[in-house]
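Letter by letter, the chains look like this.
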Amino acid sequence: MIDTPPPTVDSESLRRTYGCFPSGVVALCAHDGRNPIGMAASSFTSVSLDPPLVSVCVQDTSTTWPRLRASRRIGISVLAEGHDDVCMSLSRKDGDRFSGVEWGAAAEGSVFVHGSTVWLDCVVDKEVEGGDHTIVLFRILGVQADTTVEPLVFHGSRFRLLTGA
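Draft legend 1. Broad picture of the pattern of salt bridges. Counted by the stated rule, this structure contains 4 salt bridges. Where aspartate 32 meets arginine 34, a salt bridge forms, and the shortest distance between an N and an O atom there is 3.9 Å. Classification of aspartate 32 as partly exposed rests on a relative accessible area of 34%. The salt bridge partner of aspartate 125 is arginine 139, with a shortest N-O separation of 3.3 Å. Within this pair, whereas aspartate 125 is found in strand S9 (residues 118-130), its partner arginine 139 is found in strand S10 (residues 133-145), the two being separated by 14 residues in sequence.

Below is the structure:
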């Protein structure tokens with residue numbers, strides 16, 4: 001028999017618990033006509049093949065998401081191994097998030113991080129309230145993938161490398 005722990009659900013224990021699950025990291029980026037806008041997220045997941053949908057959970061206190069949401073198109077870049085600094089830069093609260101980040105913009109306004117394993121050209125399909133986050137469903141309009149590039153993995157509050165067996 002396994003002893004079950006007493007039920008405790010607080011922010012610190014949940015953050016530690018969620019950190020036990022490894023995730024990839026994506027950059028959500030667009031261009032507002034003057035500057036790139038971007039943020040990093042680790043709550044990315046595939047949703048549907050038909051229609052082609054993915055989702056990201058965005059914290060309700062984000063000041064970047066309202067600016068991104070106003071964009072016609074949003075680029076989602078699945079960050080690659082070695083993009084640790086890119087992720088940290090796009091996670092900054094202040095300063096130029098794109099300092100040192102190599103990126104390119106599509107004519108429609110999507111911004112993509114160079115060297116990523118996947119680029120998804122998207123529009124916002126729907127937003128759903130989810131506690132202290134908003135679950136954003138993105139409709140994919142275009143894709144580009146490089147299966148030879150390993151993804152950036154976030155686990156236990158740090159970046160990890162995938163190892164082959």
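On we go from here.
Draft legend 2. Fine view of unusual backbone geometry. Cis peptide bonds are those with omega within 30 degrees of zero, and the linkage from aspartate 50 to proline 51 qualifies with 5°. Position of proline 51 among the secondary structure elements: in the loop between strand S4 (45-48) and strand S5 (53-59).

Draft legend 3. Representation of the packing of aromatic side chains. The tally for this structure, following the rule as stated, stands at 3 aromatic pairs. The interplanar angle of 20° and the centroid separation of 5.1 Å between the aromatic rings of phenylalanine 112 and tryptophan 119 together place this pair among those described as stacked.

Draft legend 4. Here's a closer look at the sheet that holds S4. Here 7 strands make up an open sheet; going across it, the order is S3-S2-S6-S9-S10-S5-S4 and the pairing antiparallel. Unpaired on one side and paired on the other, strand S3 (36-41) and S4 mark the two borders of the sheet. Adjacent strand axes in the sheet meet at a mean angle of 35° when their direction is disregarded. One ladder, built from 7 bridges, connects S5 with S10; its direction is antiparallel. Bridge assignment links glutamine 59 to a residue of S10, and that residue is histidine 133.

Draft legend 5. Looking closely at the environment of valine 86. Tracing the backbone through its elements, the reader meets valine 86 in helix H3 (residues 84-90). According to the relative accessible area criterion, valine 86 is buried, its value standing at 10%. Separated by 46 residues in sequence, valine 86 and alanine 40 have C-alpha atoms that sit 8.8 Å apart. Excluding residues that lie within four positions of it along the chain, valine 86 makes contacts with Leu79, Val101 and Val113.

Conventions adopted
Residues numbered from 1 in each chain as written. Predicted model: local features only at pLDDT ≥ 70, side-chain atom pairs only at ≥ 80, totals over all residues. Heavy atoms only, no water. Salt bridge = Lys/Arg side-chain N within 4 Å of Asp/Glu carboxyl O. Buried < 20%, exposed > 50% of the residue type's maximum accessible area, 1.4 Å probe, protein only. Helix = DSSP H or I, 4+ residues; strand = E, 2+ residues; numbered from the N terminus. Phe/Tyr/Trp six-rings, centres within 6.5 Å; stacked < 30°, edge-to-face > 60°. Pairing = 2+ DSSP bridges. Axes fitted to C-alpha atoms, helices over the stretch in contact; angles between N-to-C directions. Contact = heavy atoms within 4.5 Å.

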